[in-house]
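Residues per chain, in single letters:
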Amino acid sequence: MCAIAADRARYDRATAHLDAPLALVDLAAFDANAEDLARRARGKPIRVASKSVRCRALLERVLARDGFAGIMSYTLAESLWLARSGFEDVLLAYPSADREAFALLAGDPKLAGAVTVMVDDVRQLDLIDAARSGGGEEIRVCLELDTALRLLGGRVRIGARRSPLGSPAQLADLARAIGRRPGFRLVGLMAYEAHVAGVGDRLAGRPLRSRTIRLMQAAARRELAARRAETVRAVRAVAPDLEFVNGGGTGSVQYTAAEDAVTEVAAGSGLYVPRLFDNYTSFQGRPAALFALPVVRRPGVGVVTVSGGGYPASGAAGKDRSPVPYLPAGLRLDAQEGAGEVQTPLLGQPADDLLIGDKVWFRHAKAGELCERFEALHLVDGDRIVETAPTYRGEGRTFL
């Protein structure tokens, strides 16, 4: 039996007593992916991106491993919840306008000591001050450097639209403003190169575009390494006690970790390895997070219908945002219907071997967003479930 067929047999045995829809995480694959990330990080600590995991039990599991330290969160409310749950180092990766949460942060010394918030504009400091509601705790802040690659004198921009601060001088100016402002302490700098870490460079059937992406990413890495080092020097000249410089993501861990200016890297999606990460030449992971849907119809030869399935991922709409059938191998979505709101037809020869009630295993396009569809993840070791862990949703937490 080939490895992929053996995986299907294991998952079916482990969940034979459960009705689908359901989601699982293969712990052997999860741990192997964590080991690979740590190897690529070359001894620098990996801060775990919680948005890509969204399950406290699995955050705890990976943070118990050597090579992993701290969480990168995605909302301030989530940050406070994690800090109250015992996570002691939480970096909020995005600016917030949650005034209620800022009031809680400013009024609680434990929270203020555990959570670092992101800023890239002095008006964000104004909002925090206005939200303090009497709380006088010092707020830990991190600056974000825009990493976009600019070509042709700035007329061409490649990269996610994040921070407005793209130059060392702009970061140093904001660092000085923070230094003059009571109630804030600058502790970190972040620079996330989404156009390198989050864009695959091995697109099936598109060799020319794949090569173009690889050339772009190589140029972007060179440009950013120089600019990031210069920015860190400029900011440290203002704030010599800077605690960390964060960069990277699953797709760029080894490149970012090689920069002397970077003290830690971020990663999260590489633990689950959703299908968008099949398009990388820099690493190969093992699919660890899957969901199963039940066969409910057999409309004809080479066709089955499963219940549910309309779980698209965020980002620009396209086929690459749809979940895909994974096990049994050889099934595909119907191009006319795709993944449906309440049912999904699947085509291919393996459909003829499926019976009503059988499970079809899918992979989501992105990582943690899968957890917004399920209240629990069944953690599988070999061919048995060893734990059923609630997702954020299962704990009644939907932060965005």
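Up top is the structure.
Now for a look at the structure at hand. Values in this document were obtained by computation on a predicted structure and should not be read as measured data. (Residues numbered from 1 in each chain as written. Predicted model: local features only at pLDDT ≥ 70, side-chain atom pairs only at ≥ 80, totals over all residues. Heavy atoms only, no water.)

Considering the overall build of the protein
For the protein, the helix and strand inventory stands at 12 helices and 19 strands. For a compact globule of 400 residues, the expected C-alpha radius of gyration is about 21 Å, and the protein comes in at 22 Å, within 12% of that figure. By principal-axis analysis of the C-alpha atoms, the protein measures approximately 70 × 50 × 35 Å. Evaluated residue by residue, the protein yields a buried proportion of 53% over its 400 residues. Pairs at least 24 residues apart make up 69% of the contacts formed inside the protein by residues separated by at least 6 positions. (Helix = DSSP H or I, 4+ residues; strand = E, 2+ residues; numbered from the N terminus. Rg over C-alpha atoms; globule rule 2.2 N^0.38 Å. Buried < 20%, exposed > 50% of the residue type's maximum accessible area, 1.4 Å probe, protein only. Contact = heavy atoms within 4.5 Å.)

Focus on the sheet that holds strand β2 (residues 46–49)
The parallel closed barrel is built from 8 strands, whose spatial order is β2-β3-β4-β5-β6-β9-β10-β11. Neighbour-to-neighbour, the strand axes of the sheet open up by a mean angle of 30 degrees, direction not taken into account. Alignment of strand β6 (residues 139–144) against strand β9 (residues 184–191), held across 6 bridges, turns out to be parallel. Directly across from Cys-142, in β9, lies its bridge partner Gly-188. (Pairing = 2+ DSSP bridges. Axes fitted to C-alpha atoms, helices over the stretch in contact; angles between N-to-C directions.)

What to know about the packing of helix α5 (residues 99–106) against helix α7 (residues 122–131)
In contact at an axis separation of 8 Å, α5 and α7 are set at 70 degrees when each is read in the N-to-C sense. Here α5 is positioned roughly perpendicular relative to α7, judged by the angle of their axes. Counting all contacts with α5, which are made through Arg-99, Phe-102 and Ala-103, the residues of α7 involved are Leu-127, Ile-128 and Ala-131. Of the residues that constitute the contact of α5 with α7, the class distribution is 5 nonpolar, no polar and 1 charged. (Parallel < 35°, antiparallel > 145°, perpendicular 65-115°, else oblique. Nonpolar A, V, L, I, M, F, W, Y, C, P; charged D, E, K, R; others polar.)

Concerning the packing of aromatic side chains
Considering all chains together, one arrives at 10 aromatic pairs under this definition. A ring pair is formed by Trp-81 and Tyr-392, whose centres lie 5.1 Å apart and whose planes are at 90 degrees; its orientation type is edge-to-face. Highlighted residues: Trp-81 in helix α4 (residues 76–84) and Tyr-392 in the segment after β19 (384–390), separated in sequence by 311 residues. Given a relative accessible area of 8%, Trp-81 falls into the buried group. With a centroid separation of 5.6 Å and 85 degrees between ring planes, the pair formed by Tyr-392 and Phe-399 is classed as edge-to-face. (Phe/Tyr/Trp six-rings, centres within 6.5 Å; stacked < 30°, edge-to-face > 60°.)

Comments concerning the pairing of strand β16 (residues 343–347)
Most of β16 is tucked away, with 4 of its 5 residues classed as buried. With 2 bridges joining them, strand β15 (residues 332–333) and β16 adopt antiparallel strand pairing. By the bridge assignment for β16, Arg-332 is matched with Leu-347.

Notes on the pattern of salt bridges
Pairs can form between side chains of opposite charge once their charged atoms are near each other. Evaluation of the coordinates by the stated rule reveals 27 salt bridges. Between Arg-40 and Asp-36 there is a salt bridge; the shortest N-O distance is 3.2 Å. Of this pair, Arg-40 and Asp-36 both sit in helix α2 (residues 27–40), 4 residues apart, roughly one helical turn. The pair Arg-40 / Asp-36 is uniform in exposure class, with both members buried. Among the salt bridges present, the one from Glu-144 reaches Arg-162, with a minimum N-O distance of 2.5 Å. Taken together, the residues Glu-144 in strand β6 and Arg-162 in the loop between β8 (156–158) and α8 (168–179) connect sequence positions 18 residues apart. On the accessibility criterion, Arg-162 (27% relative accessible area) is partly exposed. The network of salt bridges with common partners includes Asp-126, Asp-129, Arg-132 and Arg-181. (Salt bridge = Lys/Arg side-chain N within 4 Å of Asp/Glu carboxyl O.)

Re α4
Counting buried residues along α4, 7 of its 9 residues qualify, which places the element largely inside the surrounding structure. You can read the cap of α4 off the contacts: a side-chain oxygen lies 3.0 Å from the backbone nitrogen of Glu-78, and it is on Thr-75. (Polar contact = N/O pair within 3.5 Å; in protein donor to acceptor, adjacent residues only side chain to side chain.)

A closer look at the environment of Ala-365
With respect to the element layout, Ala-365 can be found in the loop between β17 (359–363) and β18 (376–381). On a C-alpha basis, the gap between Ala-365 and Tyr-311 in space is 9.0 Å, while along the polypeptide they are 54 residues apart. Setting aside its immediate chain neighbours within four residues, Ala-365 contacts Pro-274, Arg-275, Leu-276, Ala-313, Asp-320, Arg-321, Ser-322 and Pro-323.

With respect to the nonpolar core
The biggest cluster of nonpolar side chains holds 89 residues, and the ones touching the most others in it are Leu-58, Val-117 and Tyr-272. Judged by nonpolar contacts, the second largest core, of 11 residues, contains Tyr-11, Leu-22, Leu-24 and Leu-290. (Core = buried A, V, L, I, M, F, W, Y, C linked by side-chain atoms within 4.5 Å.)

What about a nonpolar patch on the surface?
A cluster of nonpolar side chains, Leu-151, Leu-152 and Val-156, forms an exposed patch at the surface whose accessible area comes to about 240 Å². Counting through the fold element by element, Val-156 comes out in strand β8. Among the residues examined, Val-156 registers a relative accessible area of 30% and is labelled partly exposed. (Patch = residues over 30% accessible without salt bridge, like charges linked within 9 Å, V, L, I, M, F, W, Y side chains within 5 Å. Areas by Shrake-Rupley, 256 points an atom, 1.4 Å probe, with all protein chains shown as cover.)

Here's the deal with the packing of α2 against helix α3 (residues 56–63)
In a packed pair of helices, the relevant descriptors are the angle between the two axes and the axis-to-axis distance. At a minimum axis separation of 11 Å, α2 and α3 run at an interaxial angle of 45 degrees. Looking at the two axes, α2 sits oblique to α3. As for how α2 packs across α3, the hand of that crossing is right-handed. Contact residues: Leu-27, Phe-30, Asp-31 and Ala-34 in α2; Leu-58, Arg-61 and Val-62 in α3. (Left-handed = near helix turned anticlockwise from the far one by under 90°.)

Some remarks on α2
Between the first and last C-alpha of α2 there are 20 Å, a value that for 14 residues agrees with the 20 Å anticipated at 1.5 Å per step. Among all positions in α2, only Leu-27, Ala-29, Phe-30, Asp-31, Asn-33, Ala-34, Asp-36, Leu-37 and Arg-40 are buried. The N-cap residue of α2 is Asp-26: its side-chain oxygen and the backbone nitrogen of Ala-28 are 3.1 Å apart. Looking at the residues trailing α2, positive phi occurs at Arg-42, about 55 degrees. (Expected span 1.5 Å × (residues − 1).)

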